[in-house]
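Single-letter residue listing:
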Amino acid sequence: MRIHHLNCTTMCPPGGRLVDGRKGFTGPAALTCHCLLVEGPRGLVLVDTGFGLEDVKHRRPRLAPLFLDVLTRPQLNEGSTAIRQIERLGFKAEDVRDIVLTHLDFDHAGGLDDFPHARVHLLSDEYQSAVAQATPLDRRRYRPLQWLHESHWVTYPSGGDGERWFGFECVRDLSGLPPEILLVPLPGHTLGHAGVAIQHGGGWLLHAGDAYFYHGEMAPDRYRCTPGLRAYQKLMQKDGYLRWHNMRRLRELVQRHGRDVTVFCAHDSLEFELLEEQEKAPELSSLRSFVDSQPPLHA
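Just so we're clear, the structure is a prediction, and the values are computed from it rather than from any experiment. (Residues numbered from 1 in each chain as written. Predicted model: local features only at pLDDT ≥ 70, side-chain atom pairs only at ≥ 80, totals over all residues. Heavy atoms only, no water.)

A. Representation of the UniProt feature "domain: Metallo-beta-lactamase" (unreviewed entry) in the chain in the model. Here the UniProt feature "domain: Metallo-beta-lactamase" (unreviewed entry) sits at residues 32-267. Between the C-alpha atoms that bound residues 32-267 the distance is 4 Å, and the span itself is 30% helix and 22% strand. (UniProt positions renumbered as here; feature names shortened; annotations may be inferred. Helix = DSSP H or I, 4+ residues; strand = E, 2+ residues; numbered from the N terminus.)

And the structure:
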């Protein structure tokens, strides 16, 4: 399988390096919407979608003002959408046979409309929470206009299917997908949040979604996170204990199995840039060894 790393819209919240931790930059922060395009034996598989064409064209009804204008401020443009990036790679929308979602937040599921023929795979608790719209925060984070016309949902038990992956519960048998692609439940940020594990090149990639937001949170020596992202994660979490529990388990995974598993999140721009470079030049050093070599954060 060949894997492409796509940034499907940059979000620019206020706060600069107090949010993204980037030294030497001024102005707003820069957070990616890190998606994956997998060229598999049964067609293309998209992991998360970022924002889509309809978000660009009709941003006001589709996105909550709290996130559109205040907290995340996505820089919406057609060229950054997954469908346009996939077309530049020489494919068509119908070539995307399956979409695997970490969760249904607005910045992860906005492009579903652009792939009407694809099956959408996610955990059942996430689907139920998104449909229920139980709290004011849920009604802002889950935007039904983004998936109003979706009819090809495939949901899986949020406790996994009894299989294990490096000690984590997982769902191994995703309908119609190759066995190299797994769902790994990581609840906390949302109740049905999951990572997506892909066996590739003799090792594994784990797209951890929003289980963490900043590369320093996976550092082996001590936990590091910017104050802005700490606050945002607390605002968005559905279960703070589960979020911290699963983040600690991910740190242990990196420490024990970092040679075999590359872990990355959805919004860290450094992780995205390094993995994008590795896609172009596989001989480059690993993501985690580079991240671990970075000096402590001074935000």
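Having seen the structure, we can now continue with the description.
B. How the structure looks around the packing of aromatic side chains. Under the counting rule described, the total for this entry stands at nine aromatic pairs. Here the aromatic cluster, defined as three or more aromatic residues joined through ring pairs, consists of Trp165, Phe166, Phe168 and Trp204. Lying over the aromatic face of Phe25, Arg22 brings its terminal NZ or CZ to 4.0 Å of the ring centre. Arg141 extends its terminal NZ or CZ atom over the ring of Tyr142, reaching a point 5.8 Å from the ring centre. (Phe/Tyr/Trp six-rings, centres within 6.5 Å; stacked < 30°, edge-to-face > 60°. Lys NZ or Arg CZ within 6 Å of the ring centre and 35° of its normal.)

C. Just helix 7 (residues 124-132), in detail. Every buried residue of helix 7 is accounted for by Ser124, Glu126, Ser129 and Ala130. Tucked into the core, helix 7 has its buried residues touching strand 5 (119-123) and strand 6 (153-156). Downstream of helix 7 by one or two residues, Gln133 has phi in the positive range, about 50°. (Buried < 20%, exposed > 50% of the residue type's maximum accessible area, 1.4 Å probe, protein only. Contact = heavy atoms within 4.5 Å.)

D. Examining the environment of Ala93 more closely. Relative to the helices and strands, Ala93 resides in the loop between helix 5 (82-88) and strand 4 (96-100). Separated by 166 residues in the primary sequence, Ala93 and Arg259 place their C-alpha atoms 35 Å from one another. Setting aside residues no more than four positions away along its own chain, Ala93 makes contact with Ile83, Asp114 and Phe115.

E. Spotlight on the pattern of salt bridges. By the definition in use, this model includes 12 salt bridges. Among the ionic pairs, Glu94 bridges to Lys92, the shortest N-O distance being 3.9 Å. By relative accessible area, Lys92 is classed as partly exposed at 47%. Between Asp138 and Lys238 there is a salt bridge, and its shortest N-O distance comes to 3.2 Å. Residue Asp138 is located in helix 8 (residues 136-141), and its partner Lys238 is located in the loop between helix 9 (227-236) and helix 10 (240-257); the two are separated by 100 residues in the primary sequence. Residue classification places Asp138 among the buried residues on the basis of a relative accessible area of 3%. Among the charged side chains, a salt-bridge network with shared partners connects Asp55, Arg62 and Asp113. (Salt bridge = Lys/Arg side-chain N within 4 Å of Asp/Glu carboxyl O.)

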